[in-house]
Amino acid sequence: MKIAVDVDAVLLDLVTPFLDFYNERHKTSFETHMVKHYNFHKSFGGTLESEVALLMEFCTTEAFRNLTPVKGSVAAVKKLHKKHELIIVTSRNPGLKKLTEYQLNKYFPNCFDKIIFTNEHCGPQKGKSKKAIIISKINPDIVIEDCLDYLLDLPKATKGILLNYPWNQNKLPKNVERAMDWKQVLEIIENV
Ligand SMILES: [Mg+2]
């Protein structure tokens, strides 16, 4: 099968170190369970513009360069890679290409057939997202995501797997299934 995989919060834990960075900057003490929306500013205040600017700044730090894998993702991806075509579809901007390749090669060497950057940090803003459009073109059998918005306009035959987080506790469309962890992601894929 053809499987599209997101990077941040699916393969690499962006949120924990970004929250540390955010808290240091704003003298706050927010934790992951308090992130109730995909956009931080909707949980913690500020504007989308300030959030994007801070995230871009975070992307220049060592902490970002040294992001660590989401629990269970390394073993699961290595297993899936043996049987399936894995394509990265990330909303990171293409300026992060080298750094993203470095991060992925460090933990998931040669596991991905292609990396696509949609340049849509902080989620879709207006209308249909670029990521959803690109996913429609790729027409994968499965998409693994943490952002529910990206899974709302999937092609009919595509199944979405939403990795469970505090920011995606909404009702799911019929073709999207929630996975509590990567073990469940594998179980869902085995049953497709
Ligand atoms: Mg993500």
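Nothing here was measured: the structure is a model prediction, and the numbers come from that model.

K.L.:
Hey, could you run me through the overall build of the chain in this one?
P.N.:
Looking only at helices and strands, one finds eight helices and six strands in the chain. Across the chain, helices and strands are ordered from the amino to the carboxyl terminus as β-α-α-α-α-α-β-α-β-α-β-β-β-α. A compact globule built from 192 residues should have a C-alpha radius of gyration of about 16 Å, and the chain, at 16 Å, falls within 12% of that. Each principal axis of the C-alpha distribution contributes one length, and for the chain these read about 45 × 35 × 25 Å. When the 192 residues of the chain are sorted by exposure, 33% land in the buried category.

K.L.:
Before we go on, may I ask you to explain the sheet that holds strand β2 (residues 85-90) in this structure?
P.N.:
Working definition: the strands of a sheet are paired by backbone hydrogen bonds and lie parallel or antiparallel to each other. Read from one edge of the open sheet, six strands run β3-β2-β1-β4-β5-β6, paired in parallel fashion. Looking along the sheet, the strands with just one partner apiece sit at the ends: β3 (114-117) and β6 (176-179). With direction set aside, neighbouring strand axes in the sheet form an average angle of 20°. Against the sheet, helix α7 (residues 130-138) contacts β1 (2-5), β2, β3 and β4 (142-145), and its axis sits at roughly 160° relative to β2.

K.L.:
How should the pairing of β2 be read in this particular structure?
P.N.:
Working note: regular strand, side chains alternate between the two faces of the sheet. Bridging between β1 and β2 involves four bridges; their strand directions are parallel. Opposite Ile-3, over in β2, you have Leu-86 as the bridge partner. With four bridges joining them, β2 and β3 adopt parallel strand pairing. Directly across from Ile-87, in β3, lies its bridge partner Lys-114. The parallel pair β2 and β3, bridged by helix α6 (residues 97-107), forms a crossover whose chirality is right-handed.

K.L.:
Looking at this structure, how should I read helix α1 (residues 15-26)?
P.N.:
Since the α-helix turns once every 3.6 residues, residues separated by three or four places project in the same direction. Over its 12 residues, α1 runs 16 Å from end to end, which matches the ideal 16 Å to within 8%, given 1.5 Å per residue. At the C-terminal side of α1, Lys-27 shows a positive phi close to 55°.

K.L.:
Explain the domain arrangement of the chain here, please?
P.N.:
Bring the parts together and some accessible area is lost; that lost area is often taken as the interface size. Looking at the chain, the domain boundaries give domain 1 (2-13 + 67-190) and domain 2 (15-65). For domain 1 versus domain 2, the separation of C-alpha centres amounts to 21 Å. Counting residues at the interface gives 12 residues for domain 1, matched by 17 residues for domain 2. Within the side of domain 1 that touches domain 2, the residues separate by chemical class into eight nonpolar, two polar and two charged.

K.L.:
I keep staring at the nonpolar core and nothing clicks. Help me out?
P.N.:
Soluble globular proteins tend to bury their nonpolar side chains together. Within the largest apolar cluster, 41 residues are counted, with the highest numbers of intra-cluster contacts made by Ile-3, Val-5, Val-10, Leu-11, Val-143, Ile-144 and Val-185. Contributing elements (two or more residues each) for this core: β1, α1, α5 (73-83), β2, α7, β4, β5 (159-163) and α8 (182-190). Of the residues that make up this core, three or more belong to each of domain 1 (2-13 + 67-190) and domain 2 (15-65). Setting aside its immediate chain neighbours within four residues, Val-143 contacts Ala-4, Ile-135, Leu-151, Leu-154, Thr-158 and Gly-160.

K.L.:
So what exactly am I meant to see when it comes to the environment of Phe-108 here?
P.N.:
Structurally, the position occupied by Phe-108 is in the loop between α6 and β3. In this structure Phe-108 comes out as buried when scored by C-beta crowding, with 21 C-beta atoms within 10 Å. With 74 residues separating them in the primary sequence, Phe-108 and Trp-182 have C-alpha atoms 15 Å apart. Once residues within four sequence positions are removed from consideration, Phe-108 is found in contact with Leu-11, Val-74 and Val-77.

K.L.:
Looking at this structure, I do not really get the packing of α5 against α8. What am I missing?
P.N.:
Each pair of packed helices gets described by two things: the angle between the helix axes and the distance between those axes. It is the contact of α5 with α8, at a shortest axis distance of 9 Å, that shows an interaxial angle of 20°. Judged by the inter-axis angle, α5 sits roughly parallel to α8. Seen from above, α5 lies across α8 with right-handed handedness. Of the residues in α8, those touching α5 at Ser-73, Ala-76, Lys-79 and Leu-80 are Trp-182, Val-185, Leu-186 and Ile-189.

Criteria and thresholds
Residues numbered from 1 in each chain as written. Predicted model: local features only at pLDDT ≥ 70, side-chain atom pairs only at ≥ 80, totals over all residues. Helix = DSSP H or I, 4+ residues; strand = E, 2+ residues; numbered from the N terminus. Rg over C-alpha atoms; globule rule 2.2 N^0.38 Å. Buried ≥ 20, exposed ≤ 12 C-beta atoms within 10 Å, placed from the backbone. Pairing = 2+ DSSP bridges. Axes fitted to C-alpha atoms, helices over the stretch in contact; angles between N-to-C directions. Contact = placed C-beta atoms within 7 Å. Right-handed = clockwise from strand over helix to strand, strands pointing away. Expected span 1.5 Å × (residues − 1). Domains from an automatic or database assignment. Nonpolar A, V, L, I, M, F, W, Y, C, P; charged D, E, K, R; others polar. Core = buried A, V, L, I, M, F, W, Y, C linked by C-beta atoms within 7 Å. Parallel < 35°, antiparallel > 145°, perpendicular 65-115°, else oblique. Left-handed = near helix turned anticlockwise from the far one by under 90°.

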